[in-house]
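Now for the letters of each chain:
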Amino acid sequence: MTKEINPFELAQKQFDHVADMLDLPEDVRAYLRWPRKEFHVRVPLRMDNGELKIFNGYRVQHNNALGPNKGGLRFFAGETVDTVRALATWMTWKCAVANIPLGGGKGGVDVDPASLSTPEKERLIRGYVRLLWKNMGPRQDVPAPDMGTNAQMMCWFMDEYSNQVGQYVPGVVTGKPVGAGGSLGRNQATGFGIVVCIRETLKRLGMNGKGMTAAIQGFGNVAQSTAINFINMLGGIVKCVSCWDRADKASYTFYKKEGIDPNFLLSITDQYGTIDKVKAKEAGYEVLDGDSWLSMDVDILIPAALEGQIRADNVEKISKQVKILAEAANGPTMTEADEVIKKRKIFLIPDFLCNSGGVTCSYFEGVQNDANFYWSEAEVLSKLDEKMTAAYSSVYEMAQQKKVYMRDAAYMVAIQRVVDAMKLRGWV
Ligand code: NAD
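Residues numbered from 1 in each chain as written. Predicted model: local features only at pLDDT ≥ 70, side-chain atom pairs only at ≥ 80, totals over all residues. Heavy atoms only, no water.

### Quick notes on the pairing of strand β9 (residues 250-255)
- By the bridge criterion, six bridges tie strand β8 (residues 237-245) to β9 in an arrangement that is antiparallel. Bridge pairing links valine 241 to phenylalanine 254 in β9.
- Here β8 folds back onto β9 in antiparallel fashion, the turn holding four residues, of which lysine 249 has a positive phi close to 50°.
- In terms of strand pairing, β9 meets strand β10 (residues 286-289) through four bridges, oriented antiparallel. When the sheet's bridge partners are listed, tyrosine 252 is paired in β10 with aspartate 289. (Pairing = 2+ DSSP bridges. Helix = DSSP H or I, 4+ residues; strand = E, 2+ residues; numbered from the N terminus.)

Right, here's the structure in full:
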């Protein structure tokens, strides 16, 4: 997201566009353009040196017509309520398109997590919970790790919440480690879901995954599991992945003509998704500049790193060979570039459908916590396959039926589901 764009205005604009297509009445629009509830808190934190600091925190609950609010909790320097509002709104649409019984929420604290020691992080998250616990819970609002937070922090969240309510409540957060109520399969859920969407697209286009080539941007959690599943599930070839190198302050693309070996690259990648250039070169990889993934002659492009990567100024670089754009990252394609993608008839799998495997697996985690009964990884992935295939079909059918772009179709499916639930509940 570029700095000039207010993300919440963007989320509202996107909503207005689809509201027009669905011909939604004014009262329904007024309801959905803004979050139903939002909390602004000032979280006190006793620093290790004894100083007391106060941090601004937010929790936004956009809509819960379909079920409890769901969405990450970010620790991010410069966090604004508008960003949190936008992300909460997008979570409503993501859960709805995935057809899971959850609404949209998001939280954030304006803090640079790198400036905190581990005990300070623990005290900050516990302080946040103490201010908000009455409005959180498996039946109200369920956070998850996000930018600047992790599975350990979710465990502290769960522990503090359990202290407040006086009982063990693992389902108050998802994204927990497997040893503390997490779900098997969560690490690869997003990438697995992306590959299910690609498989379903290939079927519709009358193509076979075997030998299909892909270029992936990024090599973090999502890109790694996408690469592995693309090769294992479909028999595809991943020509390149890329990463950001913090030491060089530059991005690089790692290319191999016959296809990369994701497991080898994983063995030379650090916890931030940065690949060791020297070791890669020794193993016969070509290390190209960071933008090369976009112009690669492949069948499928998979941006899996950052938002705003395909723009008016670089969209024309996409090779003529590309047939599918699978948006693994959130918001990788800017609106102006969308027009070119449409014109060139590149088949788009929109982000909030494509990467919804993560939140769907979070939903499964909550279901397992509720039942206090845990599934095998094979069971999780088979249920995920079923859910993602159905979600994909409903969007594809909407696109065919209304003759609209896949992104618009995904929004139409999502918004219509939320509106239907609101009507049934007597809200509008
Ligand atoms: P991550 O932090 O694990 O990995 C990010 C990767 O992108 C790293 O390899 C990093 O080096 C690379 N990168 C960063 N800047 C780059 C640049 N300029 N050029 C090339 N590579 C660059 O993040 P992730 O969890 O894999 O998430 C990736 C995207 O997917 C984000 O947009 C995220 O919001 C979205 N997403 C993630 C999940 C999930 O389950 N993790 C779910 C839904 C959506």
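What follows picks up the thread again.
### Considering the site of the ligand
- Around the ligand, the structure places 22 residues, and the nearest of them are Thr190, Phe219, Val222, Trp244 and Gly273.
- Valine 222 places a main-chain nitrogen or oxygen 2.9 Å from an oxygen atom of the ligand.
- One nitrogen or oxygen atom from the main chain of tryptophan 244 is found 2.9 Å from an oxygen atom belonging to the ligand.
- Calculation on the ligand without its partners gives an accessible area of 840 Å², and the protein chains cover 74% of this total.
- Sorting the residues of the shell around the ligand by element identifies α6 (186-204), α7 (221-234) and β8 as the ones contributing at least two each.
- Residue contributions to the shell around the ligand peak at three residues, all from β8. (Near = heavy atom within 4 Å. Polar contact = N/O pair within 3.5 Å; in protein donor to acceptor, adjacent residues only side chain to side chain. Areas by Shrake-Rupley, 256 points an atom, 1.4 Å probe, with all protein chains shown as cover.)

### Let's talk about the packing of helix α13 (residues 377-402) against helix α14 (residues 406-424)
- Their axes nearest at 8 Å, the elements α13 and α14 cross at an angle of 110°. Put simply, α13 runs roughly perpendicular to α14. Of the two possible hands of crossing, α13 and α14 adopt the one that is right-handed. In contact with Tyr392, Ser394, Val395, Tyr396, Met398, Ala399 and Lys402 of α13, α14 contributes Met406, Ala409, Ala410, Met412, Val413 and Arg417.
- A breakdown of the residues in the contact of α13 with α14 according to their chemical character gives ten nonpolar, one polar and two charged. (Axes fitted to C-alpha atoms, helices over the stretch in contact; angles between N-to-C directions. Parallel < 35°, antiparallel > 145°, perpendicular 65-115°, else oblique. Left-handed = near helix turned anticlockwise from the far one by under 90°. Contact = heavy atoms within 4.5 Å. Nonpolar A, V, L, I, M, F, W, Y, C, P; charged D, E, K, R; others polar.)

### What about the pattern of salt bridges?
- Taken as a whole and assessed by the stated rule, the structure comprises 28 salt bridges.
- Across the salt bridge formed by glutamate 160 and arginine 126, the nearest N and O atoms sit 3.0 Å from each other. Note that glutamate 160 is positioned in helix α5 (residues 151-165) and arginine 126 in helix α4 (residues 118-132), a separation of 34 residues in sequence.
- Lysine 203 is paired through a salt bridge with glutamate 200; the nearest N and O atoms lie 2.9 Å apart. Placement of the pair is lysine 203 and glutamate 200 together in helix α6, with a separation of three residues, close to one helical turn.
- Overall, the relative accessible area of 3% leaves glutamate 200 in the buried class. (Salt bridge = Lys/Arg side-chain N within 4 Å of Asp/Glu carboxyl O. Buried < 20%, exposed > 50% of the residue type's maximum accessible area, 1.4 Å probe, protein only.)

### Quick word on the nonpolar core
- Counting residues in each nonpolar core, the largest one holds 81 residues, and the members touching the most others are Trp93, Ile198, Phe230, Val241, Ile275, Ile349 and Ile415.
- For this core, the element with the most residues is α14, which contributes twelve residues.
- Of the residues that make up this core, three or more belong to each of domain 1 (38-181) and domain 2 (187-354).
- Non-local contacts of isoleucine 349, meaning those with residues more than four positions away in its chain, are made with Cys197, Ile198, Thr201, Ile324, Leu325, Ala326, Glu327 and Cys354. (Core = buried A, V, L, I, M, F, W, Y, C linked by side-chain atoms within 4.5 Å. Domains from an automatic or database assignment.)

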